[in-house]
Amino acid sequence: MKPVHVVEGRAVPLERSDVDTDQIIPSDWLKRVERTGFGRGLFSEWRDDPGFVLNQAQFVGASILVAGPRFGTGSSREHAVWALMDFGFAAVVAPSFGDIFANNSSKQGLVIVQVAANDVDELMGLVNADPTTLVLVDVERLCVEVPQYGWHRDFTLDPMTRERLLNGWDDIGLTMRREGAIATYEATSVAPSLAGLFDDAGHAP
Amino acid sequence: MAGRTLYEKIWDEHVVASPEGEPTLLYIDLHLVHEVTSPQAFDGLRLHHRPVRRPDRTLATADHNVPTDPISTPVSDPISRRQLEALEENCAEFGITVFPRGHENQGIVHVIGPELGVTQPGMTIVCGDSHTSTHGAFGALAFGIGTSEVEHVLATQTLPQQRAKTMSVAVENHAPQGVSAKDIVLAIIARLGTGGGAGHVIEYRGEAIKGLTMEGRMTVCNMSIEAGARAGLVAVDDSTIGYLRGRAGVPDGDAFEVAAQRWRTFVSDDDAVFDSAIVLDASTIVPSITWGTNPAQVVALSGVIPSPEQFDDPGERDATARSLAYMGLTPGTEVRSIPLDVVFIGSCTNSRIEDLRVAAAVVEGRRVASRVRALVVPGSHRVKAQAEMEGLDEIFLAAGFEWREPGCSMCLGMNPDHLAPGQRCASTSNRNFEGRQGRGGRTHLVSPAVAAASAIMGRFASPDEVGR
Ligand code: SF4
């Protein structure tokens, strides 16, 4: 993934709680075998409504999504992260997130900014009052800011996730440095092998 | 030293490395793969010229996207067909066992793992699907992962993980007659809320959980994610061992006894301390349905649709009003008076043989209400074959149900089985999100018994109303 230091841009307020990954990217989009092109499917059911916030001219081109509690719950589909990023979002600010979604985001470089519910409300208020407001998410300093109003909130990321974002590190590459430890562990592992168990498998009857 | 919880025992046994300041590297014993969350992971491997580290600890099946039409019918949607072919090609290229559409072992990934005996106590199990928690019924640490992590496990057979917090959910006393595992887990989710389990691994305990069959325990663990928890667990006991005996993936004879002895250690110690604990009284749990668009919005079958005014929190009031509008429901309406268009019996929550037996017993000798489309989608070919041996298919067909080929089907509406806009469905699946079963569709989560009775009555109903 690409390194992320600072995300700076306009923000969109999505004033809903429990925005699950089925809403972020509905299941008809999951048939694709590619990793790109999911932006068109982002919130596709809601986007049919002309009044939906992402359809409003003043929010087009925003790079930060601000949402209600429990954003990204439900299905493990990483397609939700791909869709948000493909659409142009680089950070999501909310009071809480679905575990798997937050994890998937960290692998792709989508910055997850968890701040208190009233801070999210304040931020939404600022953005609603003036959609051209610039918002800044700083991974280095671990804060979200609206410089124009001197509004500043800190957030936390586990140190490893922060390092990976800042350096654009590939998780698999990092783990592969531990090849020796994995091999040592495997030598004592009692987990069964499936080799030879289902010999007839591998093709349709 | 205080004793350890079941979660801690499994965790400790799988630590590959715990470098200072970094997440623990955890070994994965079994990786289950399906067609939807894997193609991009295999592409990643190819891009970096990486092999699959342990094809012998990896097992794939087609489930999410398969049509449930007769196997002889080709997959008509070209994009779906491509995805199913990609799974077979990828597995062939990387040496992974795969059960494609129509194979005797094919089925929903969380149904086939246990039934083939490859899900075993004390294991770490992952799959690119959030309902991987199902396997926790066997005292295995099982959780859903995204596609990047699928690639990571394929390449390294490990995952960097932060240790979760532990939560004990004790369901004490016995559930009344007619209350199923589904009703128990809906009660738990209603109590915890959709985020109540976040950051935790739940261990389900207490008399009511002990009293469940393995299939019932799977139903409970399956829905852990709907309370925000990453995984659910049940301690190993005689039921666990009894279920596993004789299955394809477990050893025979003396070797089984040796394995069973080890498996029996996968229980929390008496003096283990959980980070949090809640207790429910099973004797107060009643048959229930969900009325809204998240799985914590639960109401008794004998109750009425709630009103936004019942909630003090303004956020919750708004969410309730929005759910009611989406679901097309008016506060105060009696649940039992709400008419249905579709009844779906299937999904990794409730599509196993016991679920089908319960449903068949309710519909035997009756007819599905004329305006209702009712379908049964067995969880796997093995479940389907067993049901057919017992004559359950005849019962369903005679009652006017469709009897379809196995897969995820209308649980997520990726294949041609989905709701039309505005259609109302009683579903034995696990998610009632907006549009989950088809754009504009309205999903109510129910137990197999309630689904069956509701199909007959054309509205929400309990089995004892049928044929009155
Ligand atoms: S049946 Fe539904 S919940 Fe279960 S694995 Fe399939 S899509 Fe996921």
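The structure we're discussing is the one just above.
All values derive from a computational prediction rather than experimental measurement. (Residues numbered from 1 in each chain as written. Chains lettered and ligands numbered in written order. Predicted model: local features only at pLDDT ≥ 70, side-chain atom pairs only at ≥ 80, totals over all residues. Heavy atoms only, no water.)

1. Comments concerning the overall build of chain B
A count of helices and strands for chain B gives 15 helices and 19 strands. A globule of 468 residues ought to have a C-alpha radius of gyration of about 23 Å, and chain B, at 21 Å, matches this closely. Taking the principal axes of the C-alpha coordinates as reference, chain B spans close to 60 × 55 × 45 Å. Among the 468 residues that make up chain B, the fraction classed as buried is 66%. Taking as baseline every contact in chain B between residues at least 6 positions apart, the subset at least 24 positions apart corresponds to 76%. Carbon and sulfur atoms make up 50% of the accessible area of chain B, which amounts to about 15300 Å² in all. Computed over 41 positive and 57 negative side-chain charges, the inter-centroid distance for chain B is 3 Å. (Helix = DSSP H or I, 4+ residues; strand = E, 2+ residues; numbered from the N terminus. Rg over C-alpha atoms; globule rule 2.2 N^0.38 Å. Buried < 20%, exposed > 50% of the residue type's maximum accessible area, 1.4 Å probe, protein only. Contact = heavy atoms within 4.5 Å. Areas by Shrake-Rupley, 256 points an atom, 1.4 Å probe, with all protein chains shown as cover. Lys, Arg positive; Asp, Glu negative; His and termini not counted. Charge placed at Lys NZ, Arg CZ, Asp CG, Glu CD.)

2. Considerations on the site of the ligand
Around the ligand, the neighbouring residues are B:His64, B:Ile108, B:His110, B:Asp129, B:His131, B:Ser347, B:Cys348, B:Cys408, B:Cys411, B:Leu412, B:Asn430 and B:Arg436. Looking at the shell around the ligand residue by residue, the classes come out as five nonpolar, five polar and two charged. (Near = heavy atom within 4 Å. Nonpolar A, V, L, I, M, F, W, Y, C, P; charged D, E, K, R; others polar.)

3. Here we look at the environment of B:Gly195
On the secondary structure map, B:Gly195 appears in the loop between α6 (181-192) and β10 (200-205). Since its relative accessible area comes to 33%, B:Gly195 is described here as partly exposed. Note: C-alpha distance between B:Gly195 and B:Arg247 (52 residues apart in sequence) is 36 Å. Sequence-distant contacts of B:Gly195, defined by excluding residues within four places in its chain, comprise A:Arg70 and B:Ala227.

4. As for the interface of chain A and chain B
Accessible area lost upon the coming together of the parts serves often as the stated size of an interface. In this complex, chain A contributes 64 residues to the contact, which on the side of chain B involves 86 residues. With both sides pooled, the region where chain A packs onto chain B buries about 5800 Å², and carbon together with sulfur makes up 53% of that total. For the interface between chain A and chain B, the tally reads nine salt bridges. One salt bridge in this structure joins B:Glu22 and A:Arg178, with 3.5 Å as the shortest N-O distance. Applying the counting rule to chain A against chain B returns 37 residue pairs in polar contact (both at pLDDT 80 or more). For the side of chain A that touches chain B, the elements supplying multiple residues, two or more each, are α1 (21-24), α2 (44-47), α3 (79-87), α4 (99-108), α7 (171-176) and α8 (179-188) of chain A. In the side of chain A that touches chain B, the residues fall into 23 nonpolar, 17 polar and 24 charged. (Buried area = accessible area lost by both parts, 1.4 Å probe. Salt bridge = Lys/Arg side-chain N within 4 Å of Asp/Glu carboxyl O. Polar contact = N/O pair within 3.5 Å; in protein donor to acceptor, adjacent residues only side chain to side chain.)

5. Regarding the layout of surface pockets
Reported here for the second largest pocket is a volume of approximately 880 Å³. Surrounding the second largest pocket, 35 residues form its lining, A:Ser17, A:Arg70, B:Gly315, B:Glu316 and B:Ala319 being those nearest its centre. Of all the secondary-structure elements, those providing two or more residues to the lining of the second largest pocket are α5 (117-129) of chain A together with α6 and α11 (314-327) of chain B. Per-element accounting of the lining of the second largest pocket gives the leading share, seven residues, to α11(B). (1 Å grid on protein atoms, 1.4 Å probe; cavity = no way out; pocket = protein on both sides within 12 Å on 5 of 7 lines; lining within 4 Å. Points joined across faces, edges and corners; volume = space filled by probe spheres on them.)

6. Here we look at the sheet that holds strand β2 (residues 11-14) of chain A
Residue and element names in this part refer to chain A. Spatially, β2-β3-β4-β5 is the arrangement adopted by the four strands of the open sheet, whose pairing is parallel. A strand with exactly one partner marks an edge of an open sheet, and here the two such strands are β2 and β5 (111-114). Each adjacent strand pair in this sheet contributes to an overall mean axis angle of 20°, direction not counted. When β2 meets strand β3 (residues 64-67), the two strands line up parallel, connected through four bridges. Bridge pairing links Ala 11 to Ile 64 in β3. (Pairing = 2+ DSSP bridges. Axes fitted to C-alpha atoms, helices over the stretch in contact; angles between N-to-C directions.)

7. A word on the sheet that holds strand β11 (residues 231-233) of chain B
Residues and elements named next belong to chain B. In spatial order, the strands read β11-β10-β9-β12; together these four strands make up an open sheet with parallel pairing. Strand pairing shows two members of the sheet lacking a second neighbour, β11 and β12 (276-281), which therefore form its edges. This sheet shows a mean twist of 20° between the axes of neighbouring strands, independent of strand direction. With three bridges joining them, β10 and β11 adopt parallel strand pairing. For Val 201, the partnering residue across the bridge sits in β11 and is Ala 231. Here helix α1 (residues 6-13) sits on the sheet and contacts β9 (165-172), β10 and β11; the angle it forms with β11, its principal contact strand, is near 110°.

8. Comments concerning unusual backbone geometry
Unlike most non-glycine residues, A:Phe43 shows phi in positive territory, near 50°. The phi dihedral of B:Asn173 is positive, around 65°, even though this residue is not glycine. Mapped onto the fold, B:Asn173 is located in the loop between β9 and α6.

9. A closer look at the pairing of β9(B)
Residues and elements named next belong to chain B. Of all eight residues that make up β9, six are buried, and the element is covered over most of its length. Examined bridge by bridge, β9 and β10 share six bridges and lie parallel to one another. When the bridges of β10 are listed, Val 169 appears paired with Tyr 204. Taking the sense of rotation as the criterion, the β-α-β connection linking β9, α6 and β10 turns out right-handed. (Right-handed = clockwise from strand over helix to strand, strands pointing away.)

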